[in-house]
Amino acid sequence: MNNRRTLITGIAGFVLILTGALIWLAFPPGKKIKAGPGFNKGDVFCATGSGQVKRFSPTGALLQTLDSGSGSTETTGMAFNCDGDLISTQFTTSSVFRFNIEGVLLGPFGSGYDLRPESVVIDGFENVYIGQADGSRTIRKFNSAGTFITTISPPVGNPRGTDWLDIAGDQKTLFYTSEGHEIRRFDLSTNTPLTNFNTVPFPGGTNPGGRPIVAYALRLLRAGGVLVANTQNILRLDAAGNVVQTYDVSGEDDWFALNLDPDGTTFWSGNLITGQVYRFNISTGAVVSNFDAGTRIGGLAVFGEITLATGSDLEVTKVDAPDPVLTCGDITYTIKLTNKGPCPARSTELNDAVPPNTTFRSMTPPAGWTCTTPAVGGTGNVNCKKATPLGDGEMAIF
């Protein structure tokens, strides 16, 4: 989310007519958030094989089993589009399926996969990229409806192809792993390879189970840097590509799946073999919680998950009048919020504190917003919420 605020200052006086509030999003936009039936913010989706994905609550309660009917021994990568649909890869049957926000199977998504589609990422224009681990080892790009657009062929290593993907907020820099010891990069706008992201190769060797230690799922961080599941542990790299933190749990040596939680401070990772799912604090590395998915995990997604490539660009301007204001005079603030897309902004919340040396007078929210305010003549915070999404291109004036 990019919040650009123009704030004209010069407040002086003791009486305030507040007609707006600084706007911020309670969690990253671009994913449909709703209560009741259907997917809810923070739900954890585990690709558990047999053509299935299991939906858990953040506390590990099994809520729903989504079945593609493909019978795929392995199910792997997943992503949510702007409508909240889940797109799920069926690794061993070389197919991809889509479920709506209620978990109802909508049918196959895309076509032409040659061998083992593994990961899914969606860009800011709602195009869908499917990485293939084997066969041509290329990426197939589709529009939001599943119509094929083009094939992308970045360089890959051994033994796999375009294994796990993510796209930067610039909409052109692709980050990907090939079950090797590096995070590769590719410029989608020019179709040219870029230098590897990590400054030195990750450690190799084998884990206690004899399986190769290689890089699997990754996710770009909004603060800069990357998280990557590197089999025996999970690594955090800073914006310069240096490993700055390691996450692990004793006895868990097959970290494979990974995704970010909507709270912006934690992430989830799943063990391919044991089926254990853990939630880590990004800053401290502490385990926040964990649960047992009951079977091996080939992929993990979180509803409302943070991705740099998707979301809603909210532009906010705030002006005051008169400026300057006389002592004991009234000052009026007007705020204009515009969603510049590409996704609807959901669960939008406004918060603003009555400025120092002023008191609250009145506020008129636009249609569709509900607000709580201080008492007339009082101080404190104004809080407003919109129950329905703020659509692409929609504007609200306070």
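Details of the structure are given in the entry above.
Model, not experiment: these values are computed from the prediction. (Residues numbered from 1 in each chain as written. Predicted model: local features only at pLDDT ≥ 70, side-chain atom pairs only at ≥ 80, totals over all residues. Heavy atoms only, no water.)

A. Geometry of the sheet that holds strand E23 (residues 266–271). The antiparallel open sheet is built from four strands, whose spatial order is E22-E23-E24-E25. Looking at strand neighbours, the two that pair on one side only are strand E22 (255–260) and strand E25 (287–292), the edges of this open sheet. Within the sheet, the average angular offset between the axes of one strand and its neighbour, ignoring direction, is 20°. Two strands pair when backbone bridges link them, and E22 and E23 are joined in this way by five bridges, in the antiparallel orientation. Bridging from a neighbouring strand, Asn259 pairs with Trp268 of E23. (Pairing = 2+ DSSP bridges. Helix = DSSP H or I, 4+ residues; strand = E, 2+ residues; numbered from the N terminus. Axes fitted to C-alpha atoms, helices over the stretch in contact; angles between N-to-C directions.)

B. Molecular detail of the sheet that holds strand E19 (residues 226–229). Reading across from one edge, E18-E19-E20-E21 is the order of the four strands in this open sheet, with antiparallel pairing throughout. Each end of this open sheet is capped by a strand with a single partner; those strands are strand E18 (218–220) and strand E21 (243–247). Looking at each pair of strands side by side, their axes are set apart by 15° on average, direction ignored. With three bridges joining them, E18 and E19 adopt antiparallel strand pairing. Within E19, the residue paired with Leu220 across the bridge is Val226.

C. The pattern of salt bridges, seen in detail. For the structure on display, the rule yields 13 salt bridges. Taking the shortest distance from any N to any O, the salt bridge between Asp134 and Arg116 comes out at 2.9 Å. Residue Asp134 is found in the loop between strand E11 (128–132) and strand E12 (139–142), and its partner Arg116 is found in the loop between strand E9 (105–108) and strand E10 (117–122); the two are separated by 18 residues along the sequence. For Asp134, a relative accessible area of 11% translates into the label buried. Taking relative accessible area as the criterion, Arg116 reaches 30% and is therefore assigned partly exposed. Between Asp254 and Arg211 there is a salt bridge, with the nearest N and O atoms lying 2.7 Å from each other. Here Asp254, found in the loop between E21 and E22, pairs with Arg211, found in the loop between strand E17 (192–194) and E18; they are 43 residues apart in sequence, far enough to count as distant. (Salt bridge = Lys/Arg side-chain N within 4 Å of Asp/Glu carboxyl O. Buried < 20%, exposed > 50% of the residue type's maximum accessible area, 1.4 Å probe, protein only.)

D. The arrangement of the packing of aromatic side chains in detail. All chains considered together, the criterion is met by 20 aromatic pairs. Aromatic side chains Phe39 and Phe45 sit 4.8 Å apart centroid to centroid with 75° between the ring planes, which places their arrangement in the edge-to-face category. There is no split in this pair, since Phe39 and Phe45 are both buried. Consider the rings of Trp255 and Tyr278, whose centres lie 5.5 Å apart with planes at 70°: the pair is edge-to-face. Residue Trp255 is located in strand E22, and its partner Tyr278 is located in strand E24 (residues 276–281); the two are separated by 23 residues in the primary sequence. Assessed through its relative accessible area of 0%, Trp255 is described here as buried. Accessibility expressed as a relative area gives 9% for Tyr278, which makes it buried. (Phe/Tyr/Trp six-rings, centres within 6.5 Å; stacked < 30°, edge-to-face > 60°.)

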